[in-house]
Amino acid sequence: MAVNYLLHKTAIKKHKGKKIIFCAIDISNAYNCVDINKVAVIINNVGINSNYAEWIINVLALRNLILAEESIYISGGLPQGSCLSPLLFNIYTKDLHNIRDENTSIIQFADDFVICSDGDDVESATCRLQQKITMFNEIAKNLNLSCNPLKTKILYVSKGSKKRIQITLENTQIEQTNAIKFLGRYINTSLTLTEHYNSVIANSKNNSKLFKMITTVKSGLRPNVALNFYKSFVRSKVEYCRTSAANSTVIVNKKIRTFQNSFLRRALGITPATPIPLIYALANELPPLERAKWLTAKELLKILTSDDPFKSDIFNHPYLNSSYSKTYLEFKHFFDLLGSADHLLPPPNLIVLTNLLSNSKRNTPKETALATYARILHDYRRSLFKIFYTDASIQQNCAGIGIYDLSNDIEHMYKINFNTSSSFGEVIAIWKTLQTATTNSYDKT
């Protein structure tokens with residue numbers, strides 16, 4: 001989403017005729033340089049619950065790392081690999097965003113930063129970016145962070161331009177490149193996708209030898225197992241940042257599809273002459289471009305049903321050459337029907353019970369689970385609730401749904417005539433149950 005935010009904002013600026021320059025800033029040893037005492041002050045100032053704040057600082061203040069018989073105490077920095085560290089780093093570096101203005105934005109994902117400045121001409125954009133980088137560096141120093149000028153890169157967004165941008169950091173000239181890498185996504189001067197997917201496909205080919213070894217005709221994996229291998233080791237790599245590529249060109253889409261087709265043919269054990277639509281039908285897969293649109297639409301759905309201010313940029317600029325704009329425009333008839341996520345909240349008279357068991361179901365003795373179930377059932381019956389049981393099972397190309405009305409001893413059965421998941425079947429079963437309860441005017445179900 002951070003990549004798409006950067007690309008969509010850039011597309012808006014380009015549409016307005018602005019000159020745009022990116023600076024991808026590298027912070028040396030970012031997590032290890034975080035000052036825990038400053039973290040303590042910042043998290044208390046932002047209003048985090050004092051109990052949580054105390055627990056966080058207690059965890060970070062003195063950590064004992066043990067390897068075999070050796071141990072060492074660490075009293076500074078954020079632990080690498082902790083799910084809490086990126087969030088704490090975002091809070092710790094919030095003052096770095098003070099450099100933003102109407103012509104400068106800063107996109108951050110953990111310790112990856114891109115400063116984007118624009119202007120009516122290259123000179124004004126360059127001057128503004130120089131000022132912002134200097135301000136960023138000063139704030140970073142106050143946070144005990146060090147910007148590395150040798151790994152920091154400049155990108156001038158202009159197709160075919162050879163204009164040289166002169167910007168310094170710590171009295172060192174920042175290197176200007178034809179592409180920067182932000183969160184694994186290559187962004188070049190013309191904002192095209194060729195360079196990114198050339199790199200992605202080249203890296204994915206490293207798995208081709210192993211894939212050929214385990215999918216031989218005589219002793220290879222069964223197709224269903226080979227498909228899972230393909231999804232895990234091939235498709236997952238190709239689809240990295242795929243939501244930023246729904247606007248890719250025909251040439252790029254063909255290159256991706258040809259690459260994925262070769263793996264799918266081998267996984268399914270079919271000949272090169274097999275029609276492409278049949279390949280994806282047998283694999284139960286969407287073709288790459290359609291899948292990219294689906295993934296992008298899912299991401300857009302989260303934005304458009306939230307209160308994210310970014311959604312106004314999507315609504316107001318549907319004709320830009322960006323992944324979000326192209327997807328929104330294609331499915332505009334659907335997205336325009338959506339409101340805020342508030343209308344998706346459960347009604348006040350709907351109660352969802354969770355954590356009924358003190359432990360997980362797997363680790364709960366059968367007698368304890370049955371006793372808990374019997375107690376809950378007894379309480380609902382005494383309160384004159386109508387009791388329904390629902391279940392769903394999956395067959396090869398369909399799903400079966402069963403609903404049992406315990407109060408009236410009535411069974412309902414339905415069939416879904418397409419391939420789906422058990423979770424989807426369960427949702428449909430609950431929906432059908434609510435329809436039945438509404439039809440029969442049940443007040444308590």
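The coordinates are above.
Residues numbered from 1 in each chain as written. Predicted model: local features only at pLDDT ≥ 70, side-chain atom pairs only at ≥ 80, totals over all residues. Heavy atoms only, no water.

1. Some points on the side chain of Lys-293
Put simply, the rule is: Going along the chain from the N terminus, every DSSP run of H or I of four or more residues is numbered as a helix, and every run of E of two or more is numbered as a strand. Definition of a polar contact: a pair of N or O atoms within 3.5 Å, with one able to donate and the other able to accept a hydrogen when the atoms are protein atoms, and with sequence-neighbouring residues admitted only if both atoms are side-chain atoms. Only heavy atoms matter for contacts: two residues are in contact if any of them lie within 4.5 Å across the pair.
Mapped onto the elements of the fold, Lys-293 is located in helix α11 (residues 288-304). There is a polar contact of 3.2 Å between the side chain of Lys-293 and the side chain of Glu-330. Discounting chain neighbours no more than four positions away, the residues touching Lys-293 are Thr-327, Glu-330 and Phe-331.

2. Brief notes about the sheet that holds strand β6 (residues 153-157)
So the rule is basically this: Strand pairing follows a simple DSSP-based rule, namely that at least 2 bridges must link the two strands. Lines fitted to C-alpha atoms define the axes, with helix axes restricted to the stretch in contact, and inter-axis angles between N-to-C directions lie between 0 and 180 degrees.
Read across the open sheet, the five strands follow the order β4-β5-β1-β6-β9; overall the sheet is mixed. Only two strands of the sheet have a single partner each, and these edge strands are β4 (104-109) and β9 (175-176). Sheet strands touched by helix α5 (residues 122-142): β1 (19-25), β4, β5 (112-119) and β6. Its angle to β5, the strand with the most contacts, is close to 145°.

3. Overview of the environment of Phe-310
Put simply, the rule reads: Accessible area is worked out with a 1.4 Å probe on protein chains only. A residue is then buried under 20% of its type maximum, exposed over 50%, and partly exposed in between.
With respect to the element layout, Phe-310 can be found in helix α12 (residues 310-316). Judged by its relative accessible area of 4%, Phe-310 falls in the buried class. Residues in contact with Phe-310, not counting those within four places in the same chain, are Asn-4, Tyr-5, His-8, Lys-9, Ile-303 and Tyr-324.

4. Quick notes on the environment of Lys-19
For Lys-19, the location among the structural elements is in strand β1. A relative accessible area of 33% means that Lys-19 is categorised as partly exposed. Sequence separation of Lys-19 and Tyr-156 is 137 residues, and the distance between their C-alpha atoms is 8.2 Å. Each residue touching Lys-19, except ones within four places of it in the same chain, is listed here: Ser-117, Asp-118, Gly-119, Asp-120, Asp-121, Val-122, Ala-125 and Tyr-156.

5. A word on the pattern of salt bridges
Side-chain pairs of opposite charge can arise whenever the charged atoms involved come near each other. Note the threshold: Within this document, salt bridges are pairs made up of a side-chain nitrogen of Lys or Arg and a carboxyl oxygen of Asp or Glu, the two lying within 4 Å of each other.
Considering all chains together, one arrives at 13 salt bridges under this definition. When the shortest N-O distance is used, the salt bridge between Asp-118 and Lys-13 registers 3.4 Å. Pair noted here: Asp-118 is in strand β5 and Lys-13 is in helix α1 (residues 2-15), with a separation of 105 residues, a long-range link. In this structure, Lys-153 and Glu-175 form a salt bridge, with 2.5 Å as the shortest nitrogen-oxygen distance.

6. Quick look at the packing of aromatic side chains
The condition that has to hold: Two rings from Phe, Tyr or Trp (for Trp, the six-membered ring) form a pair when their centres sit within 6.5 Å of each other. Planes less than 30 degrees apart are called stacked, planes more than 60 degrees apart edge-to-face, and all others tilted. Over a ring means this: the NZ of a Lys or the CZ of an Arg is within 6 Å of the ring centre and within 35 degrees of the ring normal.
Tallied over the full model, the rule gives 15 aromatic pairs. On the numbers, 5.6 Å between centres and 35° between planes, the contact of Phe-211 with Phe-229 is tilted. Note that Phe-211 is positioned in helix α7 (residues 208-214) and Phe-229 in helix α8 (residues 223-238), a separation of 18 residues in sequence. For the pair formed by Phe-211 and Phe-229, the shared burial category is buried. Look at Tyr-328 and Phe-335: their rings are 6.0 Å apart centre to centre, the planes differ by 25°, and that puts the pair in the stacked class. For Tyr-328, a relative accessible area of 2% puts it in the buried group. In this structure, Lys-386 is placed above the aromatic ring of Tyr-442, and the distance from its NZ or CZ to the ring centre is 5.2 Å.

7. Comments concerning the pairing of strand β13 (residues 399-405)
Regular strands place side chains that alternate from one sheet face to the opposite one. Of the two faces of β13, only one is covered, namely that formed by Ala-399, Ile-401, Ile-403 and Asp-405; the face formed by Gly-400, Gly-402 and Tyr-404 stays uncovered. One ladder, built from seven bridges, connects strand β12 (residues 388-394) with β13; its direction is antiparallel. Looking at the pairing, Ser-393 lines up with Gly-400 of β13. What sits between the antiparallel neighbours β12 and β13 is a turn of four residues. Two elements, β13 and strand β14 (residues 410-416), share seven bridges in a ladder whose sense is antiparallel. If you follow Ile-401 over to β14, its bridge partner there is Tyr-414.

8. Here we look at the packing of α8 against helix α9 (residues 250-268)
We apply this condition: Angular relationships are summarised with four words: roughly parallel below 35 degrees, roughly antiparallel beyond 145, roughly perpendicular across 65 to 115, and oblique for the angles in between. Whether a crossing is left-handed or right-handed is set by the direction in which the near helix is turned from the far one by less than a right angle, anticlockwise for left-handed and clockwise for right-handed. Under the scheme applied, nonpolar residues are Ala, Val, Leu, Ile, Met, Phe, Trp, Tyr, Cys and Pro; charged residues are Asp, Glu, Lys and Arg; polar residues are all the others, including Gly.
Contact pair α8 / α9: the axes reach a minimum separation of 9 Å and the direction vectors enclose 160°. In terms of orientation, α8 lies roughly antiparallel with respect to α9. Viewed along their axes, α8 and α9 form a crossing whose handedness is right-handed. Contacts between α8 and α9 pair Pro-223, Ala-226, Leu-227, Tyr-230, Val-234, Arg-235 and Val-238 from the former with Ile-256, Phe-259, Gln-260, Phe-263, Leu-264, Ala-267 and Leu-268 from the latter. Considered class by class, the residues forming the contact of α8 with α9 number 12 nonpolar, one polar and one charged.

Note that all results are geometric; they support no functional claim without further evidence.
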